[in-house]
There are 10 protein chains.
Amino acid sequence: MTLVGKKFPNVAVNAMNEMGDTFQINVLEEAKKNNKKVLLFWYPKDFTFVCPTELHAFQAALEEFEKRNTMVIGASCDTAEVHFAWLNTKKDDGGIEGVTYPLLADSNRNLANILGILDAQTETFNEETGTYMLEGDNVTYRATYLIDEEGTVFHEGINHMPVGRNVNEFMRLIDAYAHVQKNGEVCPANWEEGKQA
Amino acid sequence: MTLVGKKFPNVAVNAMNEMGDTFQINVLEEAKKNNKKVLLFWYPKDFTFVCPTELHAFQAALEEFEKRNTMVIGASCDTAEVHFAWLNTKKDDGGIEGVTYPLLADSNRNLANILGILDAQTETFNEETGTYMLEGDNVTYRATYLIDEEGTVFHEGINHMPVGRNVNEFMRLIDAYAHVQKNGEVCPANWEEGKQA
Amino acid sequence: MTLVGKKFPNVAVNAMNEMGDTFQINVLEEAKKNNKKVLLFWYPKDFTFVCPTELHAFQAALEEFEKRNTMVIGASCDTAEVHFAWLNTKKDDGGIEGVTYPLLADSNRNLANILGILDAQTETFNEETGTYMLEGDNVTYRATYLIDEEGTVFHEGINHMPVGRNVNEFMRLIDAYAHVQKNGEVCPANWEEGKQA
Amino acid sequence: MTLVGKKFPNVAVNAMNEMGDTFQINVLEEAKKNNKKVLLFWYPKDFTFVCPTELHAFQAALEEFEKRNTMVIGASCDTAEVHFAWLNTKKDDGGIEGVTYPLLADSNRNLANILGILDAQTETFNEETGTYMLEGDNVTYRATYLIDEEGTVFHEGINHMPVGRNVNEFMRLIDAYAHVQKNGEVCPANWEEGKQA
Amino acid sequence: MTLVGKKFPNVAVNAMNEMGDTFQINVLEEAKKNNKKVLLFWYPKDFTFVCPTELHAFQAALEEFEKRNTMVIGASCDTAEVHFAWLNTKKDDGGIEGVTYPLLADSNRNLANILGILDAQTETFNEETGTYMLEGDNVTYRATYLIDEEGTVFHEGINHMPVGRNVNEFMRLIDAYAHVQKNGEVCPANWEEGKQA
Amino acid sequence: MTLVGKKFPNVAVNAMNEMGDTFQINVLEEAKKNNKKVLLFWYPKDFTFVCPTELHAFQAALEEFEKRNTMVIGASCDTAEVHFAWLNTKKDDGGIEGVTYPLLADSNRNLANILGILDAQTETFNEETGTYMLEGDNVTYRATYLIDEEGTVFHEGINHMPVGRNVNEFMRLIDAYAHVQKNGEVCPANWEEGKQA
Amino acid sequence: MTLVGKKFPNVAVNAMNEMGDTFQINVLEEAKKNNKKVLLFWYPKDFTFVCPTELHAFQAALEEFEKRNTMVIGASCDTAEVHFAWLNTKKDDGGIEGVTYPLLADSNRNLANILGILDAQTETFNEETGTYMLEGDNVTYRATYLIDEEGTVFHEGINHMPVGRNVNEFMRLIDAYAHVQKNGEVCPANWEEGKQA
Amino acid sequence: MTLVGKKFPNVAVNAMNEMGDTFQINVLEEAKKNNKKVLLFWYPKDFTFVCPTELHAFQAALEEFEKRNTMVIGASCDTAEVHFAWLNTKKDDGGIEGVTYPLLADSNRNLANILGILDAQTETFNEETGTYMLEGDNVTYRATYLIDEEGTVFHEGINHMPVGRNVNEFMRLIDAYAHVQKNGEVCPANWEEGKQA
Amino acid sequence: MTLVGKKFPNVAVNAMNEMGDTFQINVLEEAKKNNKKVLLFWYPKDFTFVCPTELHAFQAALEEFEKRNTMVIGASCDTAEVHFAWLNTKKDDGGIEGVTYPLLADSNRNLANILGILDAQTETFNEETGTYMLEGDNVTYRATYLIDEEGTVFHEGINHMPVGRNVNEFMRLIDAYAHVQKNGEVCPANWEEGKQA
Amino acid sequence: MTLVGKKFPNVAVNAMNEMGDTFQINVLEEAKKNNKKVLLFWYPKDFTFVCPTELHAFQAALEEFEKRNTMVIGASCDTAEVHFAWLNTKKDDGGIEGVTYPLLADSNRNLANILGILDAQTETFNEETGTYMLEGDNVTYRATYLIDEEGTVFHEGINHMPVGRNVNEFMRLIDAYAHVQKNGEVCPANWEEGKQA
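Not measured: the values here are computed from a predicted model. (Residues numbered from 1 in each chain as written. Chains lettered and ligands numbered in written order. Predicted model: local features only at pLDDT ≥ 70, side-chain atom pairs only at ≥ 80, totals over all residues. Heavy atoms only, no water.)

Secondary structure summary: chain A contains six helices and nine strands in total. Relative to the compact-globule value of 16 Å for 197 residues, chain A shows a C-alpha radius of gyration of 17 Å, a close match. Once the C-alpha set of chain A is aligned to its principal axes, its extents read approximately 65 × 40 × 30 Å. Relative to its 197 residues, chain A shows a buried fraction of 65%. Across chain A, the fraction of contacts at a sequence separation of at least 24, relative to all contacts at a separation of at least 6, is 62%. Per element, the accessible surface of chain A, about 7,600 Å² overall, is 45% carbon and sulfur. Computing the positive centroid from 17 side-chain charges and the negative centroid from 30, chain A places the two 7 Å apart. (Helix = DSSP H or I, 4+ residues; strand = E, 2+ residues; numbered from the N terminus. Rg over C-alpha atoms; globule rule 2.2 N^0.38 Å. Buried < 20%, exposed > 50% of the residue type's maximum accessible area, 1.4 Å probe, protein only. Contact = heavy atoms within 4.5 Å. Areas by Shrake-Rupley, 256 points an atom, 1.4 Å probe, with all protein chains shown as cover. Lys, Arg positive; Asp, Glu negative; His and termini not counted. Charge placed at Lys NZ, Arg CZ, Asp CG, Glu CD.)

Take a look at the structure:
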């Protein structure tokens, strides 16, 4: 069932920043505490080739998001140690050196599981071992959540593994929602800030 | 749990077209039978003011979607009779005269329920009546599904009620996925057809 | 099990009036608060051809019902927006312009479900989707309820879809019941006000 | 849940006619076997004062119902023996001498229970006796069913105990339904045979 | 399991007397309140031919029972209205005019059900209707209960439908029990009052 | 629930006769095999003082029962050995010497349990011992069953411990039932063979 | 599971003594209240031939048991009345005249059931009667319990039906246990009082 | 529930003999295969002081048991290795050197558990560990079983820990049972071979 | 699930020392109370040939363990009596004379069961006996636990039956863990005290 | 419950080698197919500092393990992509360049879950999200398994996070087990190849 119109789950997750600090982020509380919107984007795995382009694209637009009172947070199921290794790998070597927003390290899948965005969606009971077995790597699709200052989700979008995201579209969605917040007007199709609603 | 990476639900739903014909559409089979992609978009209610702009915007882009081998289908939980009345209402009177793609009339909510996109998400048991009571109008959010020729969902995006959609972004996503289908290459962030992947 | 002899369900439902106001009506409380009888009639769908004649017939008899201390309320499962569009459609165009009594917009079927008057009476479990599927449009039959000033139902009558109602018969039933209320006498068959009981 | 639009229950019940014969009637099969409509009316108890007027009124209209290819059947929860005693009691003594249509003797309440028209609607578990106790006499309300030649119910109407029925209204309903059967047209409000539909 | 040696069930039942009064009798409390024994006898149906002879026989012996401090109560599952009609029918017409002891009108079978003396002993679940169906008329066998001043049952006897009862035998049983009450002696076989115990 | 109108339970029980033979009797099969009626009477215990008078009374009437094609069987929960000791005790010493009909020795209570005639009717769970504890001696009341040639029970009567039975009444009941079997007539109250039915 | 090392069950049972008095014995409390050991022995049935020899043997050794501070209690599942009849039967006639210790009359099997010494060990559910049926007479094996002054069982021995008991062996066991109680020494095999432990 | 009158459990258990051989014994099959009686005796633990005296006593009587066609088997819950060490310990050192009958090594308690003779009779669930905890050493009481050539148990006797057994008594019981087998006579109390039964 | 990182189970077990004293050891409390580490090692059975070499090896290293603030405790499922017998058997005779650390006598398997180190891992339900039967001797593998001063397990190692342990390796593990405790440094592979971490 | 003495779980897991190939390894089948022993070692996370020393140590001993017919396999819960990145990181930079044995990438934790070696051992149900939440990173302890050519586990050892392993000890255990395989002899404590068993 969609999270849109509901509060984002109230869960703390390990995170890593470019300084190598390990800390915890509760996205819901982050939004409310800072009175900011949050853009949370998930990518499948560290050290792959398509993912860094997305991480760099969000980094490039970071200033624009800040103008819109929006924090950017990346997320995958890798550990904080792996995030740090990747943050220390040069862009030319497929790394993400230069990324300054925090990265969730949801290695225990607590949050990804709640969101229902893991690729290992079917589990079968293995009688021999008495355990449930997953099919797939148990990593996430390219899911994006836009959350307002109250912690309410106002957009969720999920792309299949090979399809990258469009950073501008998320800015348009934030602008539209901010317009509604301010003017109480509904934004029609293809609405953009500055165009007439 | 996300539908991305899975087949679209195999369910037939009542529909209405601009000729006033009532018929049934099974989105999954429509895609496979015609070997086409499908863009399915949901809007909350007929005879509201923001919704017609989206319906007109999809109509305006219909040729572009056809070039991309993509059928467009609209959907709400109103009845076929109400769709027909709206189709016969002039644009200036808030109607959707001129729309030629079919509209699902999911008045029994069979499909919207499977997709989990109804706003009436909480139900409480009413002891006096012995029935479950819904909060909300039980209409859908602005949900959009992109489905490929095999019926597999490659994008789902859900906007909160007051936030309209961007028709161009769906074309970009279709192009990116078509590129992957053709070239087996992953599309990075902000990728657009013609730009270098 | 029949509602006759029991209180009408204590449930609030969205409603629309000819002014375009959206508000909520709790039929049981309406009767008790105003110390009036209520005639509540359900029709299947807005924007069909047989239904408007019934709505106009009740409108024509409205004064007579008022003389009998009886409120008239119409009801279907369409949304308030659709009701308003229909109220603004001229009679000659199949509309119900001129109707002044309120219309319940039970789009979440909370009340229709309690009354058991929806046509989608069978549901089957769909294993593939893990949801229950309804057969039928999930709209109501032509059901009529007569409710006294205490909220007790003293008549319920349900017609199959294509059979219209007789407004005079409901007046006769109200008169007979009022006679019992006043005189404590039982009304025999074919009894009418003014004829000897 | 309403029986309208469904087949009448397939159940045989004891019955008595004016000849003193005891036999069984299955209303559903009666309709189908004779290719007739059936009007089945329930009254609370034999040997009361309001009930005979209804039984006499249906007797008086019997020819009219026959013209409309409609069988009339009365019903209560008294035994066949009691029906026979009442049939042998003169009208002036509160009896129903002269009634020629059959009377169901549903003393085991098999059919009344299925129809949900018994007044003893609440039962409470008596711990001392280990049985369920009913409140009320466990007799029926004034319920009427109109059933077509296929056994499908096209009207059900239930009056509270003290409110008698209007025989003409049932004729109007039968005419309206017959009109639909013949012409495939829907009958609007207040429609009557001979008036323009 | 037999009621002998236990208290009679503590249940109130509708009753009718020869004056046409409707009231309630709780047999257990009747015995205790009046400090009397009770003979309660059940017969299958009003307006049959064998039953009136039993009712007349108990009437004829009423004085003898009163001498023995014993109330007589008759009972069937007919309604109070039917009892009254029968009480007003002359003996020569198969009626019970002249009976002065009260008659239970257990039309909801609350008491007969507790005693387990209904002929409709098997019920089968009808899947089509979702209800339990009884075989038989759901009327009682010829059961007789002798209850002492404390409400304890000291004899129960049940005859098959066609076998009438012997009023004298119940007097003998009452005498024997009274003898035990008075003398603390056990009464041997064929004991009769006046003969040596 | 009464056994009247049902087959007697199909169970074999140990028995003893006056020759000291131990054998098994299945009352149902005994009736059917011999095409005879059966009078089965239960008494509480061997070696008490009231019981022998009943046993002697049935012995005295044995020839009369045989004339009515009726077998007499006595029964208690004592063992066959105790029955034999009692059969060998002189009448003057409180014994039953001279009794020639068989006596059931239902020491495992299989049959008495089915009939529900044991005085130990309540059992309580003893937590300390983990077993169910009975209150009372677990012996039977004075229960009598009249069974026809098909094994159907047509009378059951149960007296409290201290109240002896009337042998003549059972003959009257057998005569009445035989009259019904032969003439198909119902026997009214106080009916006796030779008197007009 | 063995009772050895546990308290004897805390249950009162009917009993009879040679005076013809009926009273209740709770073996556990008897031991504790009197600060005595108890030898409790069970035999299958009164009025058999092997059982009296055991009863006479325990009677003959009664003085020896009393010297050892030990009460003797016999027990079977016969009633107190049967015990009394047997106590009044001369030894030469197979009786137990002269026995002075009390006999438990466990006719409701409360205690024998807890001890698990009944021969009717298997029960099968009889679907026709809806009851559990026992195989066997439901009488006890030859079980013997030695219980100390605290109520703790220190020996249990059970012989098959046809094998009699050895009174001396129980004296030896009592002596050995008393030796342990006094000296805290364990008694080796074949130990006897006076022989060196 | 006692094993007397039933077959001994059909279970194989590890065993050790004085040669140091490890093998398996199924007591039931041993009796039947060899057409011999079996005396099986259990003692609590190897290497205690009272136990060896019992083991030596059974060894001393072995020839007498063989005359009676009876095998002797000892048993404890120690391992075969411990049995062997004890068999190799001199009698003066508390050992059982010289014992030639086999010893069951029921270290997994399979058989002792079935017999219900372990001292660790209560188990409590330990929430912390999620396991059941036993109180006591989980070793056996001094239980003795006499089994006939068919495998049926004809005596079971259980002594509390500190009370040794009497070898002669078991011989008497075997003689008595053999007498019954041969003569079909029941053996009275204190019966001994050669004395008159 | 591994115990590493968790507290050792909080359970008291019987134990024996070389003085022949029987007492109880709760390993968890022993560690905490004495503020010592514990090395607990399990071996399969007393009086086997491979086991004593392990017991002697731990004895030989006892001083080294004491230097490391570590108590040594041995354990098997034999009884304390058997441990004592083995402690009194000379080394040349396969005994463990000279061992001074305590030995757990887990004869009721309470602790071994919690640890999951018993060889009798499968149990099957035996329908005949109504009990669960184990396969195997129900003795332990060669399991070793290293527990710190807080009672937390920091190593568990389990060898198959025939593979002996290496005492030095446990010293290395203790040293490594102590190094971590002192320096907060992680110990790399093959780390040994004195070598550079 | 320990895996020692059982087959290793029959499960395939993703793996990466130094060539960058992704493939699947089923450890059980690997052992049997190649008729080799397997040493499988788990470490918590890639890109930490203590882990690489263990990986290098096993690499250094690879030839010794091969001499002993033993394959070495490393394992963590990181993805194959992360393994590859680490394999391409120089030793001086904390990488594992030069490692040639395969590394399991158990990112869906299928195998680690079966083995019970994950640190996230407790899960709590989160009512708000309706999911189970893990405490800890859900990575593995330092667990090592030695598996023979049949796939049977003959050693399992688990170290707490900060305690590194001793490569030599695993060689000793393999030698000891091989000795038993060859000679059928049990290896005593501290046994080493070449020393006398």
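The structure having been displayed, the exposition proceeds.
Take the interface of chain E and chain D next. Listed per partner, the contact involves 29 residues of chain E and 30 residues of chain D. At the junction of chain E with chain D, the criterion picks out two salt bridges. With its nearest N and O atoms 3.1 Å apart, the salt bridge here joins E:Glu81 to D:Lys45. In this assembly, chain E and chain D are joined by 12 residue pairs in polar contact (both at pLDDT 80 or more). Listed by contribution, the elements that provide at least two residues to the side of chain E that touches chain D are helix 4 (80-87), helix 5 (110-115) and strand 7 (131-134) of chain E. (Salt bridge = Lys/Arg side-chain N within 4 Å of Asp/Glu carboxyl O. Polar contact = N/O pair within 3.5 Å; in protein donor to acceptor, adjacent residues only side chain to side chain.)

All right, on to the relation of the copies chain E and chain D then. Both copies of the chain are related by a screw-like operation: a rotation about an axis and a shift along it. Mapping chain E onto chain D is achieved by rotating through 180° and translating by 0.0 Å along the same axis, at an RMSD of 0.0 Å. This pairing of chains is accounted for by a two-fold axis. Both copies share a contact surface, since 100% of the interface residues of chain E are interface residues in chain D too. (Least-squares fit on C-alpha atoms with pLDDT ≥ 70 in both.)

This next bit is on the interface of chain F and chain E. With 40 residues of chain F at the contact, the number on the chain E side is 40 residues. Counting across the interface, chain F meets chain E through zero salt bridges. At the junction of chain F with chain E, the criterion picks out 22 residue pairs in polar contact (both at pLDDT 80 or more). With eight residues, helix 6 (residues 167-183) of chain F is the single largest residue contributor to the side of chain F that touches chain E. Of the residues belonging to the side of chain F that touches chain E, the class tally is 20 nonpolar, 13 polar and seven charged. Here five bridges tie strand 9 (residues 153-159) of chain E to strand 9 (residues 153-159) of chain F, and the two strands are oriented antiparallel to one another. Looking across to strand 9 of chain F, one finds that E:Asn159 is bridged to F:His155. (Nonpolar A, V, L, I, M, F, W, Y, C, P; charged D, E, K, R; others polar. Pairing = 2+ DSSP bridges.)

A few words on helix 4 (residues 80-87) of chain F. Within helix 4 of chain F, six of the eight residues are buried, which leaves the element mostly enclosed by the surrounding structure. Those residues of helix 4 of chain F that sit buried are F:Ala80, F:Val82, F:His83, F:Ala85, F:Trp86 and F:Leu87.

All right, on to the relation of the copies chain F and chain E then. Superposing chain F onto chain E requires a rotation of 180° together with a translation of 0.0 Å along the rotation axis, leaving an RMSD of 0.1 Å. Most of the interface of chain F is mirrored in chain E, where 100% of its interface residues are also at the interface.

Attention shifts here to the environment of H:Asn108. Looking at where H:Asn108 falls in the secondary structure, it is placed in the loop between strand 5 (103-105) and helix 5 (110-115). Sequence spacing of H:Asn108 and H:Asn14 is 94 residues, and the spatial spacing of their C-alpha atoms is 9.5 Å. Contacts of H:Asn108, omitting those with residues within four sequence positions, involve I:Leu134, I:Gly136, I:Asp137 and I:Asn138.

Residues and elements named next belong to chain C. Alignment of strand 6 (residues 123-126) against strand 7 (residues 131-134), held across four bridges, turns out to be antiparallel. The partner of phenylalanine 125 across the bridge, within strand 7, is tyrosine 132. What sits between strand 6 and strand 7 in their antiparallel hairpin is a turn of four residues, with glycine 130 showing a positive phi close to 70°.

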